[in-house]
Amino acid sequence: MGQFVDLQSRDGFTFPAWVAKPDTAPRGAVVVLQEIFGVNSHIRAVADRFAARGYLAVAPSTFHRVQPGVERGYSAEDMKAGMALKSAVEALPAPGVMADIQAAIDYAAAQSGRKVGIVGFCWGGLLTWRAACTLTGLSAAVPYYGGGMTTPEETARHPTVPVLAHFGQRDHFIPVDSVQAFARAHPEVEVHLYDADHGFNCDQRGSYDEPAAMAARDRTLAFFDKHLG
């Protein structure tokens, strides 16, 4: 359903993004932010499913500034490599990859002519939270198990758009007490905890949990329908 296109940030940097278009006029647009494994088959499938629901979906490569063409699986080796790439991107001078996410938002708005939401998974969930707090042109944000977004530094941020956040109760990367503290600090954010592990939405991982994934999907679609449609 989709294909890669080149986008350009305000600093002139060119990077690829997977763009999936609906068969009819878009009801809205959704920027999809990758995990630490690149814009792989799972992320492309997520974007394609949003397109099937009537949304223009744009999944930018948020690793491109440090390494082009990243597409990894979910082995221990892939995890190690992805963590290293994430650290390299996080170490970039400001605004770093946030400029590329802004370019993806702007592209999604221009191509769809409609409101734009953003969704991200793991590291992409953290970037989604940051986008909701610092970028322009968004109308809704949905971070899935955003690694690091419940730290005091990230909790101190304030979103400018409605946010729906999904977390797993058995996520050993994100302690439940930090999620609860985040929820207390942000009563305006709709926070849901599922009886699931980290990565529960990805059907290519051993941690995939279908009931949690389906419940989160239904809430996410309803949220976007409300704020984008």
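What comes next is a walk through the structure.

The rules behind the values
- Residues numbered from 1 in each chain as written.
- Predicted model: local features only at pLDDT ≥ 70, side-chain atom pairs only at ≥ 80, totals over all residues.
- Heavy atoms only, no water.
- Salt bridge = Lys/Arg side-chain N within 4 Å of Asp/Glu carboxyl O.
- Helix = DSSP H or I, 4+ residues; strand = E, 2+ residues; numbered from the N terminus.
- Buried < 20%, exposed > 50% of the residue type's maximum accessible area, 1.4 Å probe, protein only.
- Contact = heavy atoms within 4.5 Å.
- Polar contact = N/O pair within 3.5 Å; in protein donor to acceptor, adjacent residues only side chain to side chain.
- Core = buried A, V, L, I, M, F, W, Y, C linked by side-chain atoms within 4.5 Å.
- Phe/Tyr/Trp six-rings, centres within 6.5 Å; stacked < 30°, edge-to-face > 60°.
- Lys NZ or Arg CZ within 6 Å of the ring centre and 35° of its normal.
- Expected span 1.5 Å × (residues − 1).

Looking at the pattern of salt bridges
Thought 1: Per the counting criterion, the structure on display carries 12 salt bridges.
Thought 2: Arg65 is paired through a salt bridge with Asp11; the nearest N and O atoms lie 3.0 Å apart. One end of the pair, Arg65, is in the loop between β4 (55-60) and α2 (76-90); the other, Asp11, is in the loop between β1 (2-8) and β2 (14-20), with 54 residues separating them in the sequence.
Thought 3: Overall, Arg65 belongs to the partly exposed group, its relative accessible area being 24%.
Thought 4: Taking the shortest distance from any N to any O, the salt bridge between Asp218 and Arg217 comes out at 3.0 Å.
Thought 5: For Arg217, a relative accessible area of 40% puts it in the partly exposed group.

Considerations on the environment of Gln204
Thought 1: Tracing the sequence through the fold places Gln204 in the loop between β8 (190-194) and α7 (210-227).
Thought 2: For the pair Gln204 and His192, spaced 12 residues apart in sequence, the C-alpha separation works out to 22 Å.
Thought 3: The residues contacting Gln204, other than those within four sequence positions of it, are Ser41, His42 and Tyr74.
Thought 4: A polar atom in the side chain of Gln204 sits 2.9 Å from the side chain of Ser41.

Comments concerning the side chain of Arg205
Thought 1: The residue Arg205 is located in the loop between β8 and α7 in this model.
Thought 2: Accessibility expressed as a relative area gives 12% for Arg205, which makes it buried.
Thought 3: In this structure the side chain of Arg205 is engaged in a polar contact, spanning 3.2 Å, whose partner is the side chain of Glu35.
Thought 4: When near neighbours in sequence (up to four residues on either side) are disregarded, Arg205 contacts Glu35, Phe37, Tyr74, Met79, His198 and Gly199.

Describing the nonpolar core
Thought 1: The biggest cluster of nonpolar side chains holds 76 residues, and the ones touching the most others in it are Val32, Phe50, Val58, Ile101, Val119 and Phe224.
Thought 2: Excluding its chain neighbours within four sequence positions, the residues that come into contact with Val58 are Leu7, Ala17, Trp18, Val19, Val30, Val31, Val32, Ala104, Tyr107 and Ala108.

Side note on the packing of aromatic side chains
Thought 1: Tallied over the full model, the rule gives 16 aromatic pairs.
Thought 2: Their ring planes at 50° and their centres at 6.2 Å tell us that Tyr144 and Phe200 sit as a pair that is tilted. Here Tyr144, found in strand β6 (residues 140-144), pairs with Phe200, found in the loop between β8 and α7; they are 56 residues apart in sequence, far enough to count as distant.
Thought 3: Their ring planes at 45° and their centres at 5.2 Å tell us that Tyr194 and Phe200 sit as a pair that is tilted. The same class applies to Tyr194 as to Phe200, namely buried.
Thought 4: Through a chain of ring-to-ring contacts, three or more aromatic side chains come together here, namely Phe121, Tyr144, Tyr145, Tyr194 and Phe200.
Thought 5: Over the ring of Trp18 we find Arg44; its NZ or CZ atom is 5.6 Å from the centre of that ring.

Notes on helix α3 (residues 98-112)
Thought 1: For α3, built from 15 residues, the straight-helix expectation of 21 Å at 1.5 Å per residue is met to within 8% by its first-to-last C-alpha distance of 21 Å.
Thought 2: Of all 15 residues in α3, 11 are buried, a share of seventy percent or more.
Thought 3: Looking only at α3, the buried set comprises Met98, Ala99, Asp100, Ile101, Gln102, Ala103, Ala104, Ile105, Tyr107, Ala108 and Ser112.
Thought 4: Each element contacted by the buried residues of α3 is listed here: β1, β2, β3 (28-33), β4, β5 (116-121) and α4 (123-134).
Thought 5: Of the residues trailing α3, Gly113 is marked for its positive phi of about 70°.

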